[in-house]
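A look at the structure
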Amino acid sequence: ADNFEGGFGNQSRFPHVPQLRYLLDRYRQVPSAPVREVMETTLDAMAQRGLYDHVEGGFFRYTVDPSWSVPHFEKMLYDNAQLARLYLEAGKVLGRKDYAAVCFAVLDFMLARMQTANAISVPNPMIKIFSSESTATFVRTGVGSIISETNIAAKNLLSIHPENSSVRSYTQ
């Protein structure tokens, strides 16, 4: 663990939620100052730097640098769901109300940006959620569908396979 910047490793920074949950569970059972320091340094860095989108909300998938500054412009539903739960639990275990606030902000983001009445998802058309959002290309994908690299690719996919309406392109 990186005690200075938070996180794990010395390259790109991914949230590593399972490892952080393990540390949080360990701290809950046997409180330890070094474990708490790793948890708080990492959670603070993720929420206060480039992994978190301070404009539109939600967490990006990872940052391309070890200082959590430069995000990879893609947001995944599963990452945000796991991070929301982690921040809620960390808020309770570590006594940090600001972590609970991060959780609720992420949940608000998911409700506002990861679902829509216009989405058609796979395999159940009654569930209208996105599995990801790529803010670099403005392409969202429905659950179980693939991520297109550009708006053009998404439009081409829809024109070639109009029955595959799980891909929606947005030019915001």
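We now turn to the structure provided with this report.

1. Concerning helix α2 (residues 33-48)
Taking 1.5 Å per residue as the helical rise, α2 with its 16 residues ought to reach 22 Å, and the 22 Å between its terminal C-alpha atoms agrees with that figure. Residues Val35, Val38, Met39, Glu40, Thr42, Leu43, Asp44, Ala45, Met46 and Ala47 constitute the buried set of α2. Tucked inside the fold, the buried residues of α2 contact α1 (17-29), α3 (77-94) and α4 (97-113).

2. Focus: the pattern of salt bridges
One pass over the structure, following the stated rule, counts eight salt bridges. The closest approach of N and O atoms between Arg96 and Glu40, which form a salt bridge, is 3.2 Å. Linking Arg96 in the loop between α3 and α4 with Glu40 in helix α2, this pair joins segments that are 56 residues apart in sequence. A residue is classified by how much of its surface remains accessible, and Glu40, at 18% relative accessible area, is buried. Of the charged contacts in the structure, one is a salt bridge between Asp53 and Lys75, with a shortest N-O distance of 2.7 Å. Here the residue Asp53 occupies a position in the loop between α2 and β1 (75-76), and Lys75 occupies one in strand β1, the gap between them amounting to 22 residues. With respect to burial, Asp53 and Lys75 carry one shared label: buried. Residues joined by salt bridges that share partners form a network here, namely Arg36, Glu40, Asp44, Arg96 and Asp98.

3. Notes on the environment of Ser12
Summarising the element assignment, Ser12 is placed in the segment before α1. Residue Ser12 is classed as partly exposed on the basis of its relative accessible area of 30%. Along the primary structure Ser12 and Tyr62 are separated by 50 residues, whereas in three dimensions their C-alpha atoms are 7.1 Å apart. Setting aside chain neighbours within four positions, we find Ser12 in contact with Tyr62, Thr63, Val64 and Asp65.

4. Details of the packing of α3 against α4
Two numbers describe how α3 lies on α4: the axes approach to 7 Å, and their chain directions differ by 155°. Regarding the angle of α3 to α4, the classification is roughly antiparallel. As α3 runs across α4, the sense of the crossing is left-handed. Between α3 and α4, the contacting residues are Leu77, Asn80, Ala81, Ala84, Tyr87, Leu88, Ala90, Gly91 and Leu94 on the first element and Tyr99, Ala100, Val102, Cys103, Phe104, Val106, Leu107, Phe109 and Met110 on the second. Within the contact of α3 with α4, the residues separate by chemical class into 16 nonpolar, two polar and no charged.

Rules of the game
All residue numbers here refer to positions counted from 1 along the written sequence of the relevant chain. With pLDDT at 70 or above as the cut-off, local features in this predicted model cover only qualifying residues; side-chain atom pairs require 80 or more to be listed or tallied, and sums for whole chains, interfaces and linings still use all residues. As a rule here, side-chain values cover all heavy atoms of the structure and leave hydrogens and water aside. A helix here means a DSSP run of H or I that spans at least four residues, while a strand means a run of E at least two residues long, and both kinds are numbered starting from the N terminus. Here a helix's expected span is defined as the number of its residues, less one, multiplied by 1.5 Å. Throughout this description, buried means an accessible area under 20% of the type-specific maximum (1.4 Å probe, protein chains only), exposed means over 50%, and partly exposed covers the range between. Between two residues, a contact is recorded if the distance between any of their heavy atoms is within 4.5 Å. Here, a salt bridge means any side-chain nitrogen of Lys or Arg that lies within 4 Å of a carboxyl oxygen of Asp or Glu. A fitted line through C-alpha atoms serves as each axis, taken over the contacting stretch for helices, and the angle formed by two N-to-C directions is quoted from 0 to 180°. Orientation is classified from the angle alone, with under 35 degrees giving roughly parallel, over 145 giving roughly antiparallel, 65 to 115 giving roughly perpendicular, and any other angle giving oblique. Each crossing gets its handedness from the near helix: less than a right angle anticlockwise from the far helix is left-handed, clockwise is right-handed. Here the nonpolar group is Ala, Val, Leu, Ile, Met, Phe, Trp, Tyr, Cys and Pro; Asp, Glu, Lys and Arg are the charged ones; every other residue, Gly included, is treated as polar.

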